[in-house]
Amino acid sequence: MSRDMQSGESKDMAACRRGTACSRGKVLGAAIGDCVHVAGVYNFLRLADEQGYETIFLGPAVPLELLVAAIGRERPDIVGISYRLTPEAARRLLEALKKMLGDAGLDDAGHANAANPRYVFGGTPPVARVARETGLFEQVFDGSEGDEATVRYLIGRGKVEGVKAYPQTLVERIRSIQPYPVIRHHFGLPSLEETVEGVRRLAEARVLDVISIGPDQNAQESFFRPADMDPRQDGAGGVPVRTPEDFAAIYEASRRGNYPLLRSYSGTRDQIRMAEMLKATMNLAWGAIPLMWYNVLDGRSSRPLAQSIREAQAAMEWHARQGIPVEVNEAHHWSLRDAPDGVAVAMAFLAAYNAKKAGVHDYIAQFMFNTPPATSPAMDLAKMLAKLELISSLEDEGFRVWRETRTGLLSYPTDMAVAKGQLASSVLLQMALQPHIVHVVAHTEANHAARPEDIEEAVKIARGAIRAALMGLPDVRETSLVMRRKQELVSDARVILDAIRKVAPSGSEEDPWTCPATLCRAVELGILDAPHLKGNPVARGNIVTRMVNGACRAWDPSAGRVLSEAERLARLLDDRSGALPEGPARGDAPRADSVA
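Quick summary incoming for the structure in this document. Nothing here was measured: the structure is a model prediction, and the numbers come from that model.

With respect to the sheet that holds strand β14 (residues 437-439)
Turning to step 1, where the next piece is worked out: What the 8 strands build is an open sheet, ordered β9-β8-β7-β14-β13-β12-β11-β10; its pairing is parallel. The open sheet is flanked by β9 (261-264) and β10 (287-288), the only strands paired with a single partner.
Turning to step 2, where the next piece is worked out: Here strand β13 (residues 400-406) pairs with β14 via 3 bridges, running parallel. From the neighbouring strand, Glu404 faces β14, where its bridge partner is Ile437.

What follows is the structure in structure tokens.
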């Protein structure tokens, strides 16, 4: 719905004038004076058009007299003015414009007369400082804010001050800036004081929508059991939070800037007590609960596997009762340990399935790309699409799936320049999933834990990739290579899910996909297995995998070839009960009775 003053009115504009295609109002834009740089104002008008405004572009180097006359004639709701030359010239030009608008009764950004336009300025940072000093403009953009800030302004939130401008629940935050994803990053330095100050800086910089606090391992495992803490490990892997007041201080530091949502890594023990405390101290944005980890399987606590599964399910139920979204960060734990891609896909489904059975309404499905690091982009996308297909089969009115993507931590090289390229390329590929949340992982992570300045730089890199993707990506999801692998992985996952059903305890009436005893049995037998679990007291750990054509596949070392999941599991369980069933036909969703 745009019109160029030199080319006349478009069909969309005519429809807008009839009231059939426009609802938000009218935006007029121009580069003024001798400035011929129109990319910024044209982008502003493009974003306004996408938000349902009628847009009018006056062009480059527009004389002030022509601008004022057009404002009086068109009566726009918003006037976007651009100037990118010297600050000294800008000051003279803008003061003259302010006087001319006053003489014409069109000034004061609408404060003196509600019928007057609201004025917006865009320019270089030095010129933007001059524009702010004039008092003419309701909003001044200096190019550092990103398109999301412009959209926020256009939909009306930019006119609101303080916390009211920034939704304080995840779902509202997502919806407020769509199609842009909300941006998350984890943060936690070895000092509480540094972490508090870092959160304050990140909030003031307005770079993150969500800050995930990373407590150190002592806090994750023994926050409520200080006697169990190892003082030598204080600050290892995150911030040494030791009291509820520590979390409250971190939250208070975030109450400025763009008022980011806060969440924290969950406890590896006492998960519900930890969640209750996080809800009370930092308005927990969502809970992240692994289904089968944080126990003897990964050594992050001493809990038996079956006990930890039951406690994870109880934690999901607690979050569901509180109306807090839940992420079950399960599938990538298997890929981090070089499990075959089919196992990761099956576990992505089981994680969502358990959340739904626990009553979760808003489910965050995390898709960690580049894991294992040698995964090719095509095979990575195929794996994520297979996960998404199975998870999406669970959606209904009571179970909504929100897509979160992230770069794999282990994929970063130590060379910072190469790592920046990895971050940008990974985020660009992730955008094929149209994520609601992009979990940025700073390029510094292979070298050191991200500091505020690292996060700010990483987010700018990621936003550049996001902006490029939203301009229009080719639909690589539909390539034959990606689709063939996706369907193969969906089939593999169904074979694994059927195998888990098959080993359920005889006579058990429990759902095998949520039964702790059955899930433990699947690990013990090797249905769910990974090479890194070798020697683990509760896992089989004898699977061999190899990266083949960019995908992580089960491998037969004696024959030197790939094993399909059907063949691998048939061999594994042949001595117990014969060959496994093949599972549903390719392309079908899981059976209706399995997802009710």
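Re the environment of Glu245
Turning to step 1, where the next piece is worked out: Mapped onto the elements of the fold, Glu245 is located in helix α10 (residues 244-253).
Turning to step 2, where the next piece is worked out: By relative accessible area, Glu245 is classed as exposed at 55%.

So, the pairing of β9
Turning to step 1, where the next piece is worked out: Burial along β9 is two-sided: Leu261 and Arg263 and Leu262 and Ser264, pointing in opposite directions, are all buried.
Turning to step 2, where the next piece is worked out: Pairing geometry for strand β8 (residues 210-213) and β9, over 4 bridges, is parallel. Pairing of Ser212 across the sheet is with Arg263, part of β9.

A short note on the side chain of Asp341
Turning to step 1, where the next piece is worked out: Among the secondary structure elements, Asp341 is positioned in helix α14 (residues 341-357).
Turning to step 2, where the next piece is worked out: A polar contact is formed between the side chain of Asp341 and the side chain of Lys383, at a distance of 3.4 Å.
Turning to step 3, where the next piece is worked out: Other than its neighbours up to four places away in sequence, Asp341 contacts Lys383, Arg485, Leu489, Ala551 and Cys552.

Topic: the sheet that holds strand β16 (residues 551-556)
Turning to step 1, where the next piece is worked out: Taken together, 3 strands build an open sheet; the order of strands is β15-β16-β17 and the sheet is antiparallel. For this open sheet the edge positions go to β15 (545-548) and β17 (561-562), each flanked by a neighbour on one side alone.
Turning to step 2, where the next piece is worked out: Bridge count between β15 and β16: 4 bridges; the pairing is antiparallel. Its bridge partner lying in β16, Thr545 is registered against Ala554.

Comments concerning the pattern of salt bridges
Turning to step 1, where the next piece is worked out: Applying the stated criterion across every chain yields a total of 36 salt bridges.
Turning to step 2, where the next piece is worked out: Put simply, Asp209 and Arg173 hold a salt bridge, and the shortest N to O gap is 3.2 Å. Of this pair, Asp209 sits in the loop between α8 (192-205) and β8 while Arg173 sits in helix α7 (residues 170-177); the two residues are 36 residues apart in sequence, bridging distant segments of the chain.
Turning to step 3, where the next piece is worked out: Linking Arg451 and Glu194 is a salt bridge whose minimum nitrogen-to-oxygen distance equals 3.0 Å. Of the two residues, Arg451 sits in the loop between β14 and α17 (452-470) while Glu194 sits in helix α8, which places them 257 residues apart along the sequence.

What to know about helix α6 (residues 147-154)
Turning to step 1, where the next piece is worked out: Of all 8 residues in α6, 7 are buried; the element is thus mostly enclosed.
Turning to step 2, where the next piece is worked out: Asp147, Glu148, Thr150, Val151, Arg152, Tyr153 and Leu154 are the residues of α6 that are buried.
Turning to step 3, where the next piece is worked out: One or two positions beyond α6, positive phi appears at Gly156, with a value near 110°.

Some thoughts on unusual backbone geometry
Turning to step 1, where the next piece is worked out: Geometrically, the link from Gln178 to Pro179 is a cis peptide bond, its omega value of 15° lying close to zero.
Turning to step 2, where the next piece is worked out: Examined against the element boundaries, Pro179 turns out to sit in the loop between α7 and β7 (182-187).
Turning to step 3, where the next piece is worked out: For the bond running from Thr371 to Pro372, omega is -5°, close enough to zero to count as cis.
Turning to step 4, where the next piece is worked out: Structurally, Pro372 can be placed in the loop between β12 (362-368) and α15 (377-392).
Turning to step 5, where the next piece is worked out: Within the chain, Asn283 stands out as a residue other than glycine whose phi angle is a positive 50°.
Turning to step 6, where the next piece is worked out: In this structure, Asn283 sits in the loop between α11 (271-282) and β10.
Turning to step 7, where the next piece is worked out: We note that Gln434 has phi near 50°; this positive angle belongs to a residue other than glycine.
Turning to step 8, where the next piece is worked out: Checked against the element boundaries, Gln434 lands in the loop between α16 (416-430) and β14.

Examining the environment of Ala504
Turning to step 1, where the next piece is worked out: Positionally, Ala504 belongs in the loop between α18 (480-502) and α19 (516-525).
Turning to step 2, where the next piece is worked out: Overall, Ala504 belongs to the partly exposed group, its relative accessible area being 25%.
Turning to step 3, where the next piece is worked out: When the C-alpha positions of Ala504 and Leu106 are compared, they lie 75 Å apart, and in sequence the two are 398 residues distant.
Turning to step 4, where the next piece is worked out: Contacts of Ala504, omitting those with residues within four sequence positions, involve Pro512 and Thr518.

Side note on the nonpolar core
For soluble globular proteins, the rule of thumb is that nonpolar side chains tend to be buried together.
Turning to step 1, where the next piece is worked out: Within the largest apolar cluster, 71 residues are counted, with the highest numbers of intra-cluster contacts made by Met292, Trp334, Tyr363, Ile500, Ile527 and Leu528.
Turning to step 2, where the next piece is worked out: For this core, the secondary structure elements donating two or more residues are α12 (305-322), α13 (331-335), α14, β12, α15, α18, α19 and α20 (565-577).
Turning to step 3, where the next piece is worked out: Element by element, the count of residues in this core is highest for α14, at 11 residues.
Turning to step 4, where the next piece is worked out: Each residue touching Ile500, except ones within four places of it in the same chain, is listed here: Leu350, Pro512, Trp513, Thr518, Leu519, Ala522, Ile527 and Leu528.
Turning to step 5, where the next piece is worked out: Listed in part, the 46 residues of the second largest apolar core include Val241, Val440, Ala462 and Ala469.

A look at the packing of α10 against α11
Turning to step 1, where the next piece is worked out: Running from N to C, α10 and α11 point in directions that differ by 40°, and their axes come no closer than 8 Å. On the basis of their axis angle, the class for α10 and α11 is oblique. The interaxial crossing formed by α10 with α11 has right-handed handedness. Along the contact surface, α10 presents Pro244, Phe247, Ala248 and Tyr251, while α11 presents Met277, Leu278, Thr281 and Met282.
Turning to step 2, where the next piece is worked out: Of the residues belonging to the contact of α10 with α11, the class tally is 7 nonpolar, 1 polar and no charged.

Definitions and cut-offs
- Residues numbered from 1 in each chain as written.
- Predicted model: local features only at pLDDT ≥ 70, side-chain atom pairs only at ≥ 80, totals over all residues.
- Heavy atoms only, no water.
- Pairing = 2+ DSSP bridges.
- Helix = DSSP H or I, 4+ residues; strand = E, 2+ residues; numbered from the N terminus.
- Buried < 20%, exposed > 50% of the residue type's maximum accessible area, 1.4 Å probe, protein only.
- Polar contact = N/O pair within 3.5 Å; in protein donor to acceptor, adjacent residues only side chain to side chain.
- Contact = heavy atoms within 4.5 Å.
- Salt bridge = Lys/Arg side-chain N within 4 Å of Asp/Glu carboxyl O.
- Core = buried A, V, L, I, M, F, W, Y, C linked by side-chain atoms within 4.5 Å.
- Axes fitted to C-alpha atoms, helices over the stretch in contact; angles between N-to-C directions.
- Parallel < 35°, antiparallel > 145°, perpendicular 65-115°, else oblique.
- Left-handed = near helix turned anticlockwise from the far one by under 90°.
- Nonpolar A, V, L, I, M, F, W, Y, C, P; charged D, E, K, R; others polar.

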